[in-house]
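Letter by letter, the chains look like this.
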Amino acid sequence: MQIIEVTGYAVRSAVITMRRAGTPLEFVIFPMLHVASPTFYSQVRLRLRECDLIVMEGIRGKSVGISTLTLAYRFAPRRRRNGLQEQRNELLLSDTAQVINPPPPRRSRI
């Protein structure tokens, strides 16, 4: 399954919805881009408003490794002519959104 498609023209992400027959429970997965157009983030924000609970993962904390990894995300939006923004929670989440940030998975030691 292709979740994020990159072409010479654009980048697209597929929203995945999982349902169980006979129940109202629904899981919706939003593959995110770290840098995207303002329109992309506004569309995601509209869809997230319809969710009762948002489980959001991501990199947390401060370290040299994390700063290096996210360096490109911070520089691309600085070129205003490309019209891109960095992914930020305030662009995506309303003030009333119920959000859970699960801890990262533990590494097993064998």
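Residues numbered from 1 in each chain as written. Predicted model: local features only at pLDDT ≥ 70, side-chain atom pairs only at ≥ 80, totals over all residues. Heavy atoms only, no water.

## Examining the overall build of the protein chain
Filter applied, for reference: A run of DSSP states H or I qualifies as a helix once it reaches four residues; a run of E qualifies as a strand once it reaches two. Both are numbered from the N-terminal end. Only protein chains enter the accessibility calculation, which uses a 1.4 Å probe. A residue is then buried if its area is under 20% of the maximum for its type, exposed if over 50%, and partly exposed in between. We call two residues in contact whenever any of their non-hydrogen atoms come within 4.5 Å of each other.
In terms of helices and strands, the protein chain carries four helices and eight strands. When the helices and strands of the protein chain are read in sequence order from the N terminus, they spell out β-β-β-β-β-α-β-α-α-β-α-β. For the protein chain, the residues scored as buried account for 15% of the 110 residues in total. Across the protein chain, the fraction of contacts at a sequence separation of at least 24, relative to all contacts at a separation of at least 6, is 50%.

## Some remarks on the pattern of salt bridges
Defined as follows: Salt bridge criterion: a side-chain nitrogen from Lys or Arg within 4 Å of a carboxyl oxygen from Asp or Glu.
In total, this model carries three salt bridges according to the counting rule given. Here Arg19 makes a salt bridge to Glu26, at a shortest N to O gap of 2.7 Å. The exposure class assigned to Arg19 is exposed, which follows from its relative accessible area of 64%. Given the relative accessible area of 38%, Glu26 is considered partly exposed.

## Observations regarding the nonpolar core
The condition that has to hold: Definition used in this section: a nonpolar core is a set of buried Ala, Val, Leu, Ile, Met, Phe, Trp, Tyr and Cys residues joined via side-chain atoms within 4.5 Å.
Counting residues in each nonpolar core, the largest one holds 12 residues, listed as Phe30, Leu33, Ala36, Phe40, Tyr41, Val44, Leu48, Ile54, Met56, Leu91, Leu92 and Leu93. Only helix H1 (38-48) and helix H4 (89-92) provide two or more residues apiece to this core. Considering each element in turn, this core owes the most residues, four residues, to H1. Those residues in contact with Met56 that lie beyond four places of it in its chain are Asn89, Leu93, Val99, Ile100, Asn101 and Pro102.

## Some words on the environment of Ile54
Tracing the chain through its elements places Ile54 in strand E6 (residues 54-55). On the basis of relative accessible area, Ile54 is assigned to the buried category, the value being 8%. With residues up to four places along the chain from it excluded, the contact list for Ile54 reads Leu48, Leu93, Ala97, Gln98, Val99 and Ile100.

## A closer look at the packing of aromatic side chains
The line we're drawing: Two rings from Phe, Tyr or Trp (for Trp, the six-membered ring) form a pair when their centres are within 6.5 Å of each other. A pair whose planes differ by under 30 degrees is stacked, one over 60 is edge-to-face, and the rest are tilted.
A full pass over the atoms with the stated rule returns one aromatic pair. The interplanar angle of 75° and the centroid separation of 5.4 Å between the aromatic rings of Phe40 and Tyr41 together place this pair among those described as edge-to-face.

## Side note on the pairing of strand E4 (residues 26-29)
In plain terms, the rule: Note on pairing: DSSP must find at least two bridges between two strands before they are called paired.
Bridging between strand E3 (residues 16-19) and E4 involves four bridges; their strand directions are antiparallel. Looking across to E4, one finds that Ile16 is bridged to Ile29.

## Here's the deal with H1
For clarity, the cut-off: Picture the helix axis, draw a direction to every C-beta atom, and the arc is the one those directions span.
For H1, the complete set of buried residues consists of Phe40, Tyr41, Val44 and Leu48. The buried side chains of H1 occupy one side of the element, clustering within an arc of 90° when seen end-on. Taken together, the buried residues of H1 touch strand E2 (11-13), strand E5 (35-36), E6, strand E7 (85-86) and H4.

## Things to note about the environment of Val15
Examined against the element boundaries, Val15 turns out to sit in the loop between E2 and E3. Measuring from C-alpha to C-alpha, the distance between Val15 and Ile3 comes to 7.8 Å, with 12 residues separating the pair along the chain. The residues touching Val15, leaving out its near neighbours within four places in the chain, are Val28, Ile29, Phe30, Pro31 and Arg47.

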